[in-house]
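Remarks on the overall topology
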Amino acid sequence: MAKDTIITRPILFGNAYLLDGKRLNIQVMQWFMTDHPFAHDQIRVSVVSGQMAAVGYTVGGMIFLGGLLVWQDDKAAGKDLMLMGGAGIGAGLFFSIISGGHQRKAVQLYNEDIKRYYNSSVGLEWQFGFSGKGFTLRLM
């Protein structure tokens, strides 16, 4: 189990997530969050929406480029293809924003869960017992 929280650092387009000074990718974050159900649900949504964003960018870009190539021969068809490609790229951007929001929420839930775990284990616990020849006192 991870013994530290994930640190969020803003970068140019989004955030970078660090654990013990090392940058995490989304697959590693998903692995760390498997024992934290609420965070794991959020990170899974982030993974799926990130994959949908990649499909949107790829398909939209290919259709847009096809429209640019066709535009010289048939301006109406080229224009329609470029509009469809732009919509695909826009869908990719939309899913990227959704993915980033869910990733941020997953990190927040994970950090809260880690803090709650360590705060509950810190404190005083008195345990008295007799072990063979003596008296045992344990503080936690």
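For clarity, every value in this text was computed on a predicted model and none was experimentally measured. (Residues numbered from 1 in each chain as written. Predicted model: local features only at pLDDT ≥ 70, side-chain atom pairs only at ≥ 80, totals over all residues. Heavy atoms only, no water.)

**A word on the confidence of the model for the protein**
Note the threshold: Confidence per residue, as judged by the predictor, is encoded in pLDDT with a range of 0 to 100. Each helix is a run of DSSP H or I of at least 4 residues and each strand a run of E of at least 2, with the numbering of both proceeding from the N terminus.
When pLDDT is averaged across the protein, the result is 87; 84% of the residues are at 70 or more. Here strand E4 (residues 126-131) stands out as the least confident element of the protein, with mean pLDDT 54; helix H2 (residues 37-71) is the most confident, with 97.

**Some points on the side chain of Ser99**
The following threshold applies: Counting of polar contacts relies on pairs of N or O atoms within 3.5 Å, with two restrictions inside protein: one atom must be capable of donating a hydrogen and the other of accepting it, and residues adjacent in sequence are counted only when both atoms are side-chain atoms. In this description, contact between two residues means that some pair of their heavy atoms is separated by no more than 4.5 Å.
Within the secondary structure, Ser99 is located in helix H3 (residues 75-121). Here Ser46 takes part through its backbone oxygen, which lies 2.9 Å from a polar atom of the side chain of Ser99. Ser99 has contacts with Ser46, Ser49 and Gly50, leaving out every residue within four places of it along the chain.

**Digging into the pattern of salt bridges**
Stated precisely, the cut-off is as follows: Salt bridges, as used here, are contacts in which a Lys or Arg side-chain nitrogen is within 4 Å of a carboxyl oxygen on Asp or Glu. Exposure categories follow from relative accessible area, calculated using a 1.4 Å probe and restricted to protein chains: below 20% of the type maximum is buried, above 50% is exposed, and the middle band is partly exposed.
Applying the stated criterion across every chain yields a total of two salt bridges. Of the charged contacts, one joins Arg44 and Asp41 as a salt bridge, the two residues approaching to 3.2 Å between their closest N and O atoms. Here Arg44 and its partner Asp41 are both found in helix H2, three residues apart, which amounts to about one turn of the helix. According to the relative accessible area criterion, Asp41 is partly exposed, its value standing at 37%.

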